[in-house]
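The residues making up each chain are set out below.
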Protein chains: 2
Amino acid sequence: MPKLLILSQHADEYTRLIQSAALPELEMTTQPAEDCEIVFGEPNLIRDALPRLPRLQWVQSMWAGVEPLLGAAARRDYVLTNARGVFGGLMSEFVFGYLLAHERKIFQRHEAQKNKIWDHSPTGTLQGKTIGLLGVGSIGAELALTAKFFGMNTRGYTKESETSNHVDIYYHGADVRAFASKLDYLVGVLPNTMDTRNFINRDLLGALPPHALLINVGRGQTLDEYALLEALNQNKIAGAVLDVFAQEPLPQDHPFWTTPNLRMTFHTSAPSFPKDITQIFIENYLLYIEGKPLKYQVDFKRGY
Amino acid sequence: MPKLLILSQHADEYTRLIQSAALPELEMTTQPAEDCEIVFGEPNLIRDALPRLPRLQWVQSMWAGVEPLLGAAARRDYVLTNARGVFGGLMSEFVFGYLLAHERKIFQRHEAQKNKIWDHSPTGTLQGKTIGLLGVGSIGAELALTAKFFGMNTRGYTKESETSNHVDIYYHGADVRAFASKLDYLVGVLPNTMDTRNFINRDLLGALPPHALLINVGRGQTLDEYALLEALNQNKIAGAVLDVFAQEPLPQDHPFWTTPNLRMTFHTSAPSFPKDITQIFIENYLLYIEGKPLKYQVDFKRGY
């Protein structure tokens, strides 16, 4: 009977959700023990427990990002799967919430109301605008689908994959400036890997039109923070919405807090709802006990 | 050769758009004259010009709302068509912009940033929430479609029609309290008619759950303003977004300006973009010169 270790701030809720699923042949614990063969948990807690898990076979991460379990010296003698597929819809809500707030001047109207001004100034529309997706995995594909729903043009920049049919034009390799030119919106959905560090840099930001808005929901390390500060302070782009940061929580003295036209959302763009994440675990557990290949496997070398 | 009168604050732009379409047999003017047979314009300007147009056959309104041309004593010896079909997408952007701002706490995160607080509090989602559409014409149907795209449940309240397939359950007549119960969002899309005045009243607002948000994009006259003030001040509902008002611009001493949890957007939800509106005119003009029935005809008695 496989023994499952649950490692989470919300371990009680996850335990209850898994119990109510009545899975075959499963023993559960929330304390690391020598005989634990499966871990379902948050990557930072898992990293600390790894030395005490000699019989580990499989780790199901509760998050999409698994950086704490990567790195050159990290243990790799188990199958690592992450949370995927459930974030696309939530991320779409986040990204399009901010795109619409921008077009519809939601903050400007709010200020007008405070000042008792009947602000009937014209509003924008997403129809016909162009969105550029930096990274087109399952989340990028969902963003492309939503963009098409709202009548937008879509561009995608990827290493080589061209899997989503909702992307009008794909760009790769050195075409990054061509990709960025004429974008109304640039959305970063990159994971944190050796190849993606500071990918959103001065060169890329400089290729955007001055009315463009950057939204970063990938990882903070993929953005050159100084290049963004320069671009915003010199009005090279119209604004930025940042959900992720190289250091979280952001230090109190970081200039981002007070940079004009920069909105921070404190890593809340795609919450891991326990009900959704437990479904992923259950799906994979049923494959596991039948000895079949697991879904959403992470390549330790590639980093996602 | 039919003579067309264009009556608009943007008459120059409309004239240019129609000229570039090179329509057959059309003479244009921007000054009312006895021999004008067609009017394409804004209803308030048309109302004033009506007495000087003895040969009038057809009026194409540039707006959806045609109240200035209705009323018991109004002239009815011509075909009146309004602007329809182009507002659904724009209205969807507006409504879902505010729904997402609410779920994603866009204003709360903004305040947190100003106070340098890392506000990682959980965010909501539209998935599984229930939206109630008060009125399901072409705009309501588009809102229902968008709600389905975001994984919501949909309810519709109409006089009798049940035309949209994207509405899960329809309600009519006395079922208005049953319709309102359990809604997370109530969106008013009603035209201004004898039957709809103050339809959003104390009874309807009282049937909503306390966490519900009201969005009114129909007409201001369909809302009992005092009932809404009471509901908001007594926390009977969570908030309201009002685009339309019984009197516009809203008087400076109106309590709406300073009511907590009430956001005003100054009749900007679905702008009439001249390019879109001109397409409607062109479509109808081509039917007109062939003697075919026009699209989007307004029933003077029904009022829409």
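What you see is a predicted model, and the numbers here were worked out from it, not measured in a lab.

1. Focus: the packing of helix H3 (residues 87–103) of chain A against helix H3 (residues 87–103) of chain B
The angle between the axes and the distance between the axes are what describe a pair of packed helices.
Line of reasoning, step 1. Contact geometry of H3 of chain A with H3 of chain B gives a least axis separation of 8 Å together with a crossing angle of 120°. The angle between H3 of chain A and H3 of chain B falls in the class oblique. Between H3 of chain A and H3 of chain B the crossing geometry is left-handed. Each of Glu93, Phe96, Gly97 and Leu100 of chain A in H3 of chain A lies in contact with H3 of chain B, whose residues at this interface are Glu93, Phe96, Gly97 and Leu100 of chain B.
Line of reasoning, step 2. Split by residue class, the contact of H3 of chain A with H3 of chain B holds four nonpolar, two polar and two charged.

2. Considering the packing of aromatic side chains
Residues and elements named next belong to chain A.
Line of reasoning, step 1. Under the defined criterion, the tally for this structure stands at 35 aromatic pairs over all chains.
Line of reasoning, step 2. With 5.5 Å between their ring centres and 85° between their planes, tyrosine 78 and phenylalanine 300 make a pair best called edge-to-face. Here tyrosine 78 is found in the loop between strand E4 (58–61) and strand E5 (79–81), whereas its partner phenylalanine 300 is found in the segment after helix H9 (274–289), with 222 residues between them in sequence. There is no split in this pair, since tyrosine 78 and phenylalanine 300 are both buried.
Line of reasoning, step 3. Site record: aromatic cluster; members linked through ring pairs are Tyr14, Phe40, Trp58, Phe281, Tyr285 and Tyr288.
Line of reasoning, step 4. Looking at arginine 302, its charged tip hangs above the ring of tyrosine 304, at a distance of 4.1 Å from the centre.

3. Some thoughts on unusual backbone geometry
Line of reasoning, step 1. At the junction of glutamate 248 of chain A and proline 249 of chain A, the peptide bond is cis and its omega measures out at -10° in the coordinates.
Line of reasoning, step 2. Turning to its location among the elements, proline 249 of chain A is positioned in the loop between strand E11 (239–242) and strand E12 (262–264).
Line of reasoning, step 3. Positive phi is not limited to glycine here, since alanine 22 of chain B has a value of about 45°.
Line of reasoning, step 4. Structurally, alanine 22 of chain B is set in the loop between helix H1 (11–20) and strand E2 (27–29).
Line of reasoning, step 5. Owing to a relative accessible area of 62%, alanine 22 of chain B belongs among the exposed residues under this scheme.
Line of reasoning, step 6. Of note, phenylalanine 266 of chain B is a non-glycine position whose phi angle comes to about 60°, a positive value.
Line of reasoning, step 7. Within the fold, phenylalanine 266 of chain B resides in the loop between strand E12 (262–264) and helix H9 (274–289).
Line of reasoning, step 8. Given a relative accessible area of 0%, phenylalanine 266 of chain B falls into the buried group.

4. Comments concerning the interface of chain A and chain B
Line of reasoning, step 1. Contacts between chain A and chain B engage 49 residues on the former and 49 residues on the latter.
Line of reasoning, step 2. Here chain A meets chain B over a buried area of about 4500 Å², counting both sides, of which 64% is carbon and sulfur.
Line of reasoning, step 3. The largest per-residue losses of area from chain A upon contact with chain B belong to Glu93, Gln113 and Trp118 of chain A, which jointly make up 19% of the total buried on that side.
Line of reasoning, step 4. There are two salt bridges connecting chain A and chain B.
Line of reasoning, step 5. The shortest N-O distance in the salt bridge between arginine 104 of chain A and glutamate 93 of chain B comes to 3.8 Å.
Line of reasoning, step 6. Joining chain A to chain B, the criterion identifies 22 residue pairs in polar contact (both at pLDDT 80 or more).
Line of reasoning, step 7. Secondary-structure elements contributing two or more residues to the side of chain A that touches chain B are H3, helix H4 (106–114), helix H5 (138–149) and E12 of chain A.
Line of reasoning, step 8. Considering every element that reaches the side of chain A that touches chain B, the biggest residue donor is H3 of chain A, with nine residues.

5. Structural notes on the sheet that holds strand E5 (residues 79–81) of chain B
All names here are of chain B.
Line of reasoning, step 1. If you walk across this open sheet you meet the five strands as E2-E1-E3-E4-E5, and the pairing is parallel. Edge positions in the sheet fall to E2 and E5, since each has one partner strand and no second. Between one strand and the next, the sheet's axes are offset by a mean angle of 20°, whatever the strand orientation.
Line of reasoning, step 2. The pairing of strand E3 (residues 38–41) with strand E4 (residues 58–61) spans four bridges and is parallel. Across the sheet, valine 39 pairs through a bridge with valine 59, a residue of E4.
Line of reasoning, step 3. Against the sheet, H9 makes contact with strand E1 (3–7), E3, E4 and E5, and its axis sits at roughly 160° relative to E4, the strand it touches most.

Calculation rules
Residues numbered from 1 in each chain as written. Chains lettered and ligands numbered in written order. Predicted model: local features only at pLDDT ≥ 70, side-chain atom pairs only at ≥ 80, totals over all residues. Heavy atoms only, no water. Axes fitted to C-alpha atoms, helices over the stretch in contact; angles between N-to-C directions. Helix = DSSP H or I, 4+ residues; strand = E, 2+ residues; numbered from the N terminus. Parallel < 35°, antiparallel > 145°, perpendicular 65-115°, else oblique. Left-handed = near helix turned anticlockwise from the far one by under 90°. Contact = heavy atoms within 4.5 Å. Nonpolar A, V, L, I, M, F, W, Y, C, P; charged D, E, K, R; others polar. Phe/Tyr/Trp six-rings, centres within 6.5 Å; stacked < 30°, edge-to-face > 60°. Buried < 20%, exposed > 50% of the residue type's maximum accessible area, 1.4 Å probe, protein only. Lys NZ or Arg CZ within 6 Å of the ring centre and 35° of its normal. Buried area = accessible area lost by both parts, 1.4 Å probe. Salt bridge = Lys/Arg side-chain N within 4 Å of Asp/Glu carboxyl O. Polar contact = N/O pair within 3.5 Å; in protein donor to acceptor, adjacent residues only side chain to side chain. Pairing = 2+ DSSP bridges.

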